[in-house]
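Chain by chain, the residues run as shown.
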Amino acid sequence: MAKVFERTNGLTTKPFHYCPGCTHGIIHRIVGEVLEELGVLGKAIGVAPVGCSVFAYDYFNCDMHEAAHGRAPAVATGIKRVHPDSVVFTYQGDGDLASIGTAEIVHAAHRGEKITTIFVNNAIYGMTGGQMAPTTLIGQKATTAPYGRDEDHAGKPLKVAEMLSTIDGAKFVERVSVHNPANIRKAKKAIKKAFEVQLSGEGFGIVEVLSTCPTNWGKTPTESLKWLEENMIPYYPLGNFRTPEEVE
Amino acid sequence: MGKILMKGNEAIGAAAIKAGCKYFFGYPITPQNELPEYMSRELPKVDGVFLQAESEVAAINMVYGAAGSGARVMTSSSSPGIALKQEGISYIAGAELPCVIVNIVRGGPGLGGIQPAQSDYYQATRGGGNGDYRHVVYAPSTLQETVDLVMEAFDVADQYRIPVMVIGDGMIGQMMEPVEFKEPKQRDIKPKDWATDGTKGERDPNIINSLFIDPQELEDHVFKLEKKHEIIKQNETRYEAYNVEDADVVAVAYGTTSRVVKNAIAKCEEEGIKVGLIRPITLWPFPDEAFEKISDKTKGILTVEMSTGQMIDDVKIAINGRVPVHFHGRTGGMVPNPNDIVEEIKKIAGGENNG
Ligand SMILES: Cc1ncc(C[n+]2csc(CCOP(=O)(O)OP(=O)(O)O)c2C)c(N)n1
Ligand code: SF4
């Protein structure tokens, strides 16, 4: 019988700790597959964040470096400068990247640091129990926004892909989602391109991936996928914001 | 190679490069700017990398990444900048990575001033970062000693997989003295087979990490670090001491302050007062053993610092109540005056200041 699906060698056999229905797992799988397909596992060095994906260092089948909250792009910079031929990526949540680590991501992009960032936007702080993130939608409830996010009080949600696409050093910027199979395929394509941009030495690449947090959104996994589609995509439009011509 | 006249900050850079440091990440702050400037000029010539980070927070995390990937790496800053680096230093210590951090101390708290001070003693020896960690702290008092210790710092960092801090005050950074670059002693440095430099498909993945969610695992890790700290205490504690055994008064001072204190001691000796000196060269580990030689008959210890009194806590712990401990300090960028120190010593020797 023909095998149609198997475990990617880009991931270890360690079982994920993610909540049922959480799309962090899908995004891990995509990144693992891409690293394997590009044949770069042997020279990949990943940087894990602080957030629900803090244990990413146990899941990717390559050298991994755990970073302080928000500092992954700086750690990745140090690694890439020492090993310019390696393939360096950061995997970061929205609290990690868009709040405490905004300076680090902006400046890594600004320097055109030849790294790839996988930015998981689930519009909430997952790991610490559902507090408001910079990406929490207007009206969305969070444990620190019990009446729903109010623009007057907390500002509008930060659009990271749009913001980074204004920076010249950011050569590849795309926003994707993983709420259905068609979009998962598009997400994989974008992530692959982002790594190719690094491999060709173009500069910084980031893929913002809209992701669910059923646990802290207080929804079932399927309700969460629907909520993402109906609420997040209108505010965070999918699509490519920047691509160097060579990889188009 | 003979002696060459160099400015402190540049001599530190030269020593680092001689020790094989290839990577420098920093952010400008007075009074240490000549050091990153020197590195930006010289590192490209040896195929190294200088990168000016967007902040001290980023700089130390770049150091964290580079150290984890197996490089010899250094950063430097001055007091408020080191405060920002404490987060990263805690992670580097937790993940057991080697690196060298230079702090050319200026007055504080807050933005403070830009003149020499020693008011970061607590920050350096107690750790401004979180958790049970220690790192080696060297406090040189001459430029020759500074270059010797900077060169050795890289080896010590590698041997024990620990961050090493070299503390100089603004005076060390700014003054000029002749220096000679000598090979440090040979040490047992193991290959960095733990580094994240890519598996090349030839080994299992390496993980650099300071997270231990299981409390038992974290306790084991912290006790393992503590064991290493004990070995460092035994092997790497350094100090200069003289005339301690039969002194009327023992002065304790480090760095630039110790030079002023030596002048004061010479003046006292001319007047027939016997003054001993203990000059810690490592602030951590603190040279407790030097204090064992102080006789119970000594009238008192005088600790002199460019702070309101921080090292004095370690002096009191070391002498454990056997001899009274007095303090003379200037701070805010003021340097102690030898005549004032002579006055203090005379008071103690005359029994005026006891109890
Ligand atoms: C300096 C610091 N501040 C705060 C925390 C606590 N903390 C851990 S995870 C997290 C939020 C993570 O949220 P996000 O990046 O969105 O990732 P998610 O958990 O949603 O995947 C916070 C605030 C920390 N570990 N370190
Ligand atoms: S808390 Fe949310 S983001 Fe974290 S694993 Fe659970 S569902 Fe995923």
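The sections below set out a description of the structure shown in this document.

Criteria and cut-off values
Residues numbered from 1 in each chain as written. Chains lettered and ligands numbered in written order. Predicted model: local features only at pLDDT ≥ 70, side-chain atom pairs only at ≥ 80, totals over all residues. Heavy atoms only, no water. Pairing = 2+ DSSP bridges. Helix = DSSP H or I, 4+ residues; strand = E, 2+ residues; numbered from the N terminus. Contact = heavy atoms within 4.5 Å. Axes fitted to C-alpha atoms, helices over the stretch in contact; angles between N-to-C directions. Buried area = accessible area lost by both parts, 1.4 Å probe. Salt bridge = Lys/Arg side-chain N within 4 Å of Asp/Glu carboxyl O. Nonpolar A, V, L, I, M, F, W, Y, C, P; charged D, E, K, R; others polar. Near = heavy atom within 4 Å. Buried < 20%, exposed > 50% of the residue type's maximum accessible area, 1.4 Å probe, protein only. Polar contact = N/O pair within 3.5 Å; in protein donor to acceptor, adjacent residues only side chain to side chain. Areas by Shrake-Rupley, 256 points an atom, 1.4 Å probe, with all protein chains shown as cover. Phe/Tyr/Trp six-rings, centres within 6.5 Å; stacked < 30°, edge-to-face > 60°. Lys NZ or Arg CZ within 6 Å of the ring centre and 35° of its normal.

## Here we look at the sheet that holds strand β9 (residues 207-208) of chain B
Here's step 1: With respect to topology, 8 strands assemble into an open sheet ordered β7(A)-β5(A)-β6(A)-β4(A)-β3(A)-β1(A)-β2(A)-β9(B), the strand pairing being mixed. The outermost strands of the open sheet, each flanked by one partner alone, are β7 (239-242) of chain A together with β9 of chain B.
Here's step 2: With 2 bridges connecting them, strand β2 (residues 63-66) of chain A and β9 of chain B associate as parallel partners. Residue pairing in the sheet places Met 64 of chain A in a bridge with Ile 207 of chain B of β9 of chain B.
Here's step 3: Packing against the sheet, helix α3 (residues 72-82) of chain A makes contact with β1 (44-48), β2 and β3 (87-93) of chain A, and its axis sits at approximately 175° to β3 of chain A.
Here's step 4: Helix α5 (residues 102-110) of chain A rests against β3, β4 (116-121), β5 (170-177) and β6 (204-210) of chain A of the sheet, and its axis sits at about 135° to β6 of chain A.

## Description of the interface of chain A and chain B
Think of interface size as the accessible area that goes away when the parts come together; that is how it is often given.
Here's step 1: If you look at the interface, chain A gives 32 residues, while chain B gives 34 residues.
Here's step 2: Between chain A and chain B lies a buried interface of about 2,400 Å² when both sides are counted; carbon and sulfur atoms form 62% of it.
Here's step 3: On inspection of chain A and its partner chain B, the count reaches 3 salt bridges.
Here's step 4: The salt bridge involving Arg 203 of chain B is made with Asp 63 of chain A; its shortest N-O contact spans 2.7 Å.
Here's step 5: Mapped by element, the contributors of at least two residues to the side of chain A that touches chain B are β1, α2 (56-59), β2, α3 and α5 of chain A.
Here's step 6: Here the element with the most residues in the side of chain A that touches chain B is α3 of chain A; it accounts for 7 residues.
Here's step 7: Partitioning the side of chain A that touches chain B into residue classes produces 15 nonpolar, 8 polar and 9 charged.

## Considerations on the sheet that holds strand β11 (residues 249-252) of chain B
All names here are of chain B.
Here's step 1: Within the open sheet, the 5 strands sit side by side as β10-β12-β11-β14-β15. Their pairing is mixed. Edge positions in the sheet fall to β10 (239-242) and β15 (325-329), since each has one partner strand and no second. The average angle at which neighbouring strand axes cross in this sheet is 20°, direction not considered.
Here's step 2: Here strand β14 (residues 300-305) runs beside β15; their pairing, made up of 5 bridges, is parallel. Bridge assignment links Glu 305 to a residue of β15, and that residue is Gly 329.
Here's step 3: Its contacts with the sheet put helix α9 (residues 255-270) on β10, β11, β12 (275-280) and β14, and the angle it makes with β12 is roughly 170°.

## Regarding the site of ligand 2
All names here are of chain A.
Here's step 1: Around ligand 2, the structure places Tyr 18, Cys 19, Cys 22, His 24, Cys 52, Asn 122, Gly 126, Cys 213, Pro 214, Thr 215 and Asn 216.
Here's step 2: Broken down by element, the residue count for the shell around ligand 2 peaks at 3 residues, all from helix α9 (residues 214-217).
Here's step 3: Along the lines of polarity and charge, the residues of the shell around ligand 2 split into 6 nonpolar, 5 polar and no charged.

## Description of helix α1 (residues 8-18) of chain B
An α-helix turns once every 3.6 residues. As a result, residues three or four positions apart point the same way.
All names here are of chain B.
Here's step 1: Burial of α1 is extensive: 9 of the 11 residues sit out of reach of the surface.
Here's step 2: If you check which residues of α1 are buried, you get Gly 8, Asn 9, Ala 11, Ile 12, Gly 13, Ala 14, Ala 15, Ala 16 and Ile 17.
Here's step 3: Where α1 is buried, its residues touch β1 (4-7), α2 (34-42), β4 (73-77), β5 (99-105), α6 (143-160) and α7 (170-174).
Here's step 4: Looking one or two residues past α1, Gly 20 carries a phi angle of roughly 95°, positive in sign.

## Thoughts on the site of ligand 1
All names here are of chain A.
Here's step 1: In the vicinity of ligand 1 there are 16 residues, among which Cys 52, Asp 94, Gly 95, Asp 96 and Gly 126 approach most closely.
Here's step 2: Within the side chain of His 24, a nitrogen or oxygen atom sits 3.0 Å from an oxygen atom of ligand 1.
Here's step 3: Coverage of ligand 1 by the protein chains reaches 75% of its 590 Å² of free accessible surface.
Here's step 4: Here the shell around ligand 1 gets 4 residues from one element, more than from any other, and that element is helix α4 (residues 94-100).
Here's step 5: Tallied by class, the residues present in the shell around ligand 1 amount to 6 nonpolar, 8 polar and 2 charged.

## Points about the pattern of salt bridges
Here's step 1: Applying the stated criterion across every chain, the model contains 40 salt bridges over all chains.
Here's step 2: A salt bridge links Glu 87 of chain B to Arg 71 of chain A; the shortest N-O distance between them is 2.9 Å. Taken together, the residues span two chains, with Glu 87 of chain B in helix α4 (residues 79-94) and Arg 71 of chain A in the loop between β2 and α3.
Here's step 3: Among the charged side chains, a network of salt bridges with common partners joins Arg 29, Glu 33, Glu 37, Lys 188 and Lys 192 of chain A.

## A word on the packing of aromatic side chains
The way to describe two aromatic rings as a pair is by their centre distance and the angle between their planes.
Here's step 1: Enumeration over the complete set of coordinates arrives at 13 aromatic pairs over all chains.
Here's step 2: Ring plane angle 65° and centroid distance 5.7 Å describe the contact between Phe 16 of chain A and Tyr 18 of chain A, whose orientation is recorded as edge-to-face.
Here's step 3: Judged by its relative accessible area of 12%, Tyr 18 of chain A is buried.
Here's step 4: Between Phe 60 of chain A and Phe 89 of chain A, the ring centres sit 5.4 Å apart and the planes meet at 80°, which makes this aromatic pair edge-to-face. Pair noted here: Phe 60 of chain A is in the loop between α2 and β2 and Phe 89 of chain A is in strand β3, with a separation of 29 residues, a long-range link. Residue Phe 60 of chain A shares its accessibility class with Phe 89 of chain A, and that shared class is buried.
Here's step 5: Ring pairing ties together the aromatic residues Phe 60, Phe 89, Tyr 91 and Phe 195 of chain A, which thus form one cluster.
Here's step 6: Taking NZ or CZ as reference, Lys 18 of chain B lies 4.5 Å from the ring centre of Phe 181 of chain B, over its face.

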